[in-house]
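Structural overview
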Amino acid sequence: MPDITWEDPFCAEGNNCFRLGTDADGNAYIAVNGNEDHHLTDSINALRTLIRDIKAGKADHLL
């Protein structure tokens, strides 16, 4: 398993808490807080795009 640096959990009201992480190889990770062993992996650029789209209101239903 890669050495992942996890950020503090993001918790929306009434929803699960999610954690974002990165590794030294340029990968990004998203996991439900408390279950980091089962995560999605993509590039850091893909994670940035997802976060920008959420902040722009394009994908707010995901949180």
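Below is a summary of the structure that appears in this document. Numbering of residues starts from 1 in each chain and follows the order in which that chain's sequence is written. Confidence filtering applies because this is a predicted model: local features only for residues at pLDDT of at least 70, side-chain atom pairs given and counted only at 80 or more, and all residues used for totals across whole chains, interfaces and linings. Values shown for side chains rest on all heavy atoms present in the structure; no hydrogens or waters enter the calculation.

Our focus in this paragraph is the overall build of the protein. Along its length, the protein carries 1 helix and 5 strands. Comment: elements are numbered from the N terminus, with helices defined as DSSP H or I runs of at least four residues and strands as E runs of at least two. Listing each helix as α and each strand as β along the protein from the N terminus yields β-β-β-β-β-α. Counting across all 63 residues of the protein, residues that qualify as buried make up 17%. Accessible surface area values rest on a Shrake-Rupley calculation with a 1.4 Å probe, where residue burial reflects the displayed protein chains alone. When the accessible surface of the protein is split by element, carbon and sulfur atoms take 48% of a total near 4600 Å². Think of it in three bands: with a 1.4 Å probe and only protein chains considered, a residue is buried below 20% of the maximum accessible area for its type, exposed above 50%, and partly exposed in between.

The next thing to look at is the pattern of salt bridges. Here a salt bridge means any side-chain nitrogen of Lys or Arg lying within 4 Å of a carboxyl oxygen belonging to Asp or Glu. Taken as a whole, this structure holds 1 salt bridge when the rule is applied. In this structure, the salt-bridge partner of Arg19 is Glu36, at a minimum N-O distance of 3.4 Å. A residue pair is termed long-range when its members are at least 10 positions apart, and Arg19 in strand β3 (residues 17-22) and Glu36 in the loop between β4 (27-32) and β5 (40-43) qualify at 17 residues. Per residue, the accessibility class of Arg19 equals that of Glu36, and both read buried.

Glancing now at the state of the cysteines. In plain terms, two cysteine sulfur atoms within 2.5 Å form what is called a disulfide here. Enumeration according to the criterion identifies 1 disulfide in this entry. Across the disulfide from Cys11 sits Cys17; the S-S distance is 1.9 Å. One quick way to see it: the torsion about the S-S bond of Cys11 and Cys17 is about 115°, and its sign makes the bridge right-handed.

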